[in-house]
Amino acid sequence: MSSGVETGIEIRPFRVDVPQEALEDLRRRIAATNWPEKETVADQSQGVQLATIQKLARYWMTDYDWRICETKLNALPQFVTEIDGLDFHFIHVRSQHDDALPLMVNHGWPGSIIEQLKIIDRLTNPTAHNASAEDAFHVVIPSMPGYGFSGKPTSTGWGPERMGRAWAELMERLGYSHYVAQGGDWGGDWGAFVVDQMGLQAPPGLRHPHQHACHRSR
């Protein structure tokens, strides 16, 4: 099975390069936050506690190193392609095992493709993790509209149904005549919603959609 990436048809290589000034501006804006008064209770019944959110802000302002994340992303094959009038950014890692099964992995809300970075090597290179070559996948991980480095819609209408059709077009564009899809989330279910729609739309190449959602206890 060949990949459309190699042909260069409507698919452009992508590399993350966030200007240093943008990172410094973000730190300045975090430092300039006008904090509300402390909550009047000793638990989270009034929402996220002030001390917790201030601790998080300090982490983003002083401890978090975006360049580490940027390096991890740029170590992977990334691309952008326009589908239905919108640019979509995606990671596409082909396994060294030619018979690997193509897999579309969908992030959820409010997550991103960064959550999936840790699974890529295990899926594409299973023999390095005490598994069989028969367990190998070619992995495609797109960013949903308005997330990460994908384009931001300028009008309404980009719901799960439209995203499902876009992902089917992406897999066809990459040259995959058959594939499986997975979608999960930790609360908003968007990854699962998209894959559910793909199953209902039943594009010719889709074999087995899998939806998984983890809900926080309330």
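Coordinates for the structure precede this section.
Cut-offs and rules
Residues numbered from 1 in each chain as written. Predicted model: local features only at pLDDT ≥ 70, side-chain atom pairs only at ≥ 80, totals over all residues. Heavy atoms only, no water. Helix = DSSP H or I, 4+ residues; strand = E, 2+ residues; numbered from the N terminus. Buried < 20%, exposed > 50% of the residue type's maximum accessible area, 1.4 Å probe, protein only. Areas by Shrake-Rupley, 256 points an atom, 1.4 Å probe, with all protein chains shown as cover. Phe/Tyr/Trp six-rings, centres within 6.5 Å; stacked < 30°, edge-to-face > 60°. Lys NZ or Arg CZ within 6 Å of the ring centre and 35° of its normal. Core = buried A, V, L, I, M, F, W, Y, C linked by side-chain atoms within 4.5 Å. 1 Å grid on protein atoms, 1.4 Å probe; cavity = no way out; pocket = protein on both sides within 12 Å on 5 of 7 lines; lining within 4 Å. Points joined across faces, edges and corners; volume = space filled by probe spheres on them. Nonpolar A, V, L, I, M, F, W, Y, C, P; charged D, E, K, R; others polar. Contact = heavy atoms within 4.5 Å. Pairing = 2+ DSSP bridges. Salt bridge = Lys/Arg side-chain N within 4 Å of Asp/Glu carboxyl O.

Participant: Hey, could you go over the overall build of the chain for me, with residue numbers and the actual values?
Facilitator: Check the secondary structure of the chain and you find 6 helices and 7 strands. Secondary structure elements in the chain, listed N-terminal to C-terminal, are β-α-α-α-β-β-β-α-β-α-β-α-β. Per-residue burial over the chain gives 41% buried out of 218 residues. Summed over its atoms, the accessible surface of the chain is roughly 12800 Å², and 53% of this surface lies on carbon and sulfur atoms.

Participant: For the packing of aromatic side chains, give the residues involved together with the corresponding values.
Facilitator: Considering all chains together, one arrives at 8 aromatic pairs under this definition. When the ring of tyrosine 59 is compared with that of tryptophan 60, the centres are 5.7 Å apart and the planes differ by 70°; the resulting orientation is edge-to-face. Residue class for tyrosine 59 comes out partly exposed when judged on its relative accessible area of 35%. Here tryptophan 60 falls in the partly exposed class, since its relative accessible area comes to 40%. Relative to tryptophan 167, the ring of phenylalanine 88 has its centre 5.1 Å away and its plane inclined at 75°; by these criteria the two rings are edge-to-face. With a gap of 79 residues between them, phenylalanine 88 in strand β3 (residues 86–93) and tryptophan 167 in helix α5 (residues 160–173) connect regions that are remote in the sequence. Tryptophan 167 matches phenylalanine 88 in its accessibility class, with the two residues each being buried. Grouped by ring-pair contacts, the aromatic residues Tyr59, Trp60 and Tyr64 constitute a single cluster. Here the basic side chain of arginine 162 rests over the ring of tryptophan 158, its NZ or CZ set 4.2 Å away from the ring centre.

Participant: Give a detailed account of the nonpolar core, specifying residues and quantitative values.
Facilitator: In this structure, Val140, Trp167 and Leu174 are the most contacted members of the largest nonpolar core, which totals 25 residues. Listing elements by their share of this core, those giving two or more residues are β2 (78–83), β3, α5, β6 (179–185) and α6 (190–201). Listed in part, the 17 residues of the second largest apolar core include Leu103, Val139, Ile141 and Val180.

Participant: Outline the layout of surface pockets, supporting the account with residue identities and numerical values.
Facilitator: Volume-wise, the largest pocket comes out at about 490 Å³. Here the lining of the largest pocket takes 5 residues from helix α3 (residues 66–74), the largest share from any one element. Counted by class, the lining of the largest pocket contains 10 nonpolar, 3 polar and 2 charged residues.

Participant: Please provide a residue-by-residue account of the environment of valine 140, values included.
Facilitator: Note on placement: valine 140 falls in strand β5 (residues 137–142). We classify valine 140 as buried; its relative accessible area is 0%. Taking the C-alpha atoms as reference, valine 140 lies 8.2 Å from methionine 171; in sequence the two are 31 residues apart. If we ignore the near neighbours within four places in the chain, the residues touching valine 140 are Phe90, Ile91, His92, Leu103, Met104, Val105, Leu170, Met171, Leu174 and Tyr176.

Participant: Describe the pairing of β3, and please don't skip the residues or the numbers.
Facilitator: In terms of burial, β3 is largely enclosed, as 7 of its 8 residues are buried. Here β2 folds back onto β3, and the loop between the two strands holds 2 residues, one of which, aspartate 84, carries a positive phi near 55°. When β3 meets β5, the two strands line up antiparallel, connected through 4 bridges. Of the residues in β5, the one forming a bridge with phenylalanine 90 is proline 142.

Participant: Go over the pattern of salt bridges, please, and point to the residues and values.
Facilitator: One pass over the full model with this rule turns up 9 salt bridges. In this structure, aspartate 87 and arginine 12 form a salt bridge, with 2.9 Å as the shortest nitrogen-oxygen distance. Of this pair, aspartate 87 sits in strand β3 while arginine 12 sits in strand β1 (residues 11–13), placing them 75 residues apart in sequence. For aspartate 87, a relative accessible area of 27% gives the class partly exposed. You can call arginine 12 partly exposed: its relative accessible area is 38%. The salt bridge involving glutamate 169 is made with arginine 173; its shortest N-O contact spans 3.0 Å. Pair noted here: glutamate 169 and arginine 173 are both in helix α5, with a separation of 4 residues, about one helical turn. Given a relative accessible area of 29%, glutamate 169 falls into the partly exposed group.

By themselves these figures say nothing about function.
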